[in-house]
Amino acid sequence: GLLATVISHPFDTIAVHLATRRPMPRSLGELFYGVGPAAFQGLLVYGSLIQVYETLIDWGWPVLLAAAVAAIPESIVRGPMQAIQNMQQTGFRPRGAAYLWTLVQGSMGTLAREMPGNLVYFPTYNFVRARGYASWVAGAATGAATGVGVAPDWALAWGGVPANPSTWMRCTRQPTPSCATR
C-alpha cells in the first residue's frame, strides 16, 4: 500500500488538477505535493480495511456484506486524509468551518467511492486466489477490475475542492463555508 501510494501519487496529483480544472504542476516537486499524508494514509487505510474485512469474514459474514461494511471505517480514516492531500495538491486553503466541512465532504465522497470499489475488489481477489493464482496476479486482476468497475466514482472523492476556477479563486481570497461545497 505504501509503495504503491508513493509511486502513483504524481498520477493522482494530475487527476486532481484535471478534476478541479487547475493548471498542471510545473515541476517534479509539485507532482509530489501531499505525498506525506498520502503515504501515511496508505499505511492506516489498507491496514484497517483488510483487518475489518478479514475479521468480518472470520465471523462468517458474506463476502459482499463484509466488503461493504469495511468501507465505513476505511472512509473514516481515508476521507479526511484524502481531503487534506487534495488541498495540498491544489493549494486550496479553507479556514474554520469551511475546513471542517471539506473534511466531512472528503469522508462522504470516499464512502461513495469505496463501497462500490470494495464490492468489486474483494470478490475479484477471492475469485482469482481460489483458482490457485499467486497473490500478485490476484492483486493485478483486482486492480484492473476495480479501476474499470468503479472508475467514474473516483471523481466523488476529490475532497471538496471547488471545480469552478472562479469559485476557487474567490475561496482562496475569502474562504467561507460555501467554498467547501461543489
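Within any chain, residue numbers begin from 1 and follow the written order of that chain's sequence. Local features in this predicted model are restricted to residues whose pLDDT is 70 or higher, and side-chain atom pairs enter the listing and the counts only when it is 80 or higher, whereas totals over whole chains, interfaces and linings include all residues. With hydrogens and water stripped out, all remaining heavy atoms of the structure feed into the side-chain values.

A. Geometry of helix α4 (residues 63–90). The bend at a residue is defined as the angle formed between two axes, one fitted to the seven residues ending at that residue and one fitted to the seven starting there. Segments assigned H or I by DSSP are reported as helices when at least four residues long, segments assigned E as strands when at least two residues long, and all are numbered from the N terminus. Of all the bends in α4, the largest measures some 40° and sits at Glu 74. The first or second residue beyond α4 is Gly 91, which carries a positive phi of 80°.

B. Expanded view of the packing of helix α1 (residues 2–19) against α4. Interaxial distance between α1 and α4 falls to 10 Å at its minimum, and their mutual angle equals 75°. Judged by the inter-axis angle, α1 sits roughly perpendicular to α4. Contacts from His 9, Asp 12, Thr 13, Val 16 and His 17 of α1 reach α4 at Gln 82, Gln 85, Asn 86, Gln 89 and Thr 90. We call Asp, Glu, Lys and Arg charged. Ala, Val, Leu, Ile, Met, Phe, Trp, Tyr, Cys and Pro are nonpolar, and the rest, Gly among them, are polar. Here the contact of α1 with α4 is composed, by residue class, of one nonpolar, eight polar and one charged. Structural elements are reduced to axes, namely lines fitted to C-alpha atoms, with helices fitted over the stretch in contact, and the angle between N-to-C directions of any two is expressed from 0 to 180 degrees. Between 65 and 115 degrees an angle is taken as roughly perpendicular, under 35 as roughly parallel, over 145 as roughly antiparallel, and anywhere else as oblique. Here, two residues are considered to be in contact whenever any of their heavy atoms come within 4.5 Å of each other.

C. Spatial organisation of the pattern of salt bridges. Just to be clear on terms, a salt bridge is a Lys or Arg side-chain nitrogen sitting within 4 Å of an Asp or Glu carboxyl oxygen. Applying the stated rule across the entire model yields four salt bridges. We note a salt bridge from Arg 78 to Glu 74, for which the minimum N-O separation is 3.1 Å. Of this pair, Arg 78 and Glu 74 both sit in helix α4, four residues apart, which is roughly one turn of that helix. Pair check on accessibility: Arg 78 and Glu 74 agree, each one buried. Among the salt bridges present, the one from Glu 114 reaches Arg 113, with a minimum N-O distance of 2.7 Å. For the pair Glu 114 and Arg 113, a shared accessibility class is recorded, and that class is buried. Within this structure, Glu 74, Arg 78, Arg 113 and Glu 114 form a network of salt bridges that share partners. Think of it in three bands: with a 1.4 Å probe and only protein chains considered, a residue is buried below 20% of the maximum accessible area for its type, exposed above 50%, and partly exposed in between.

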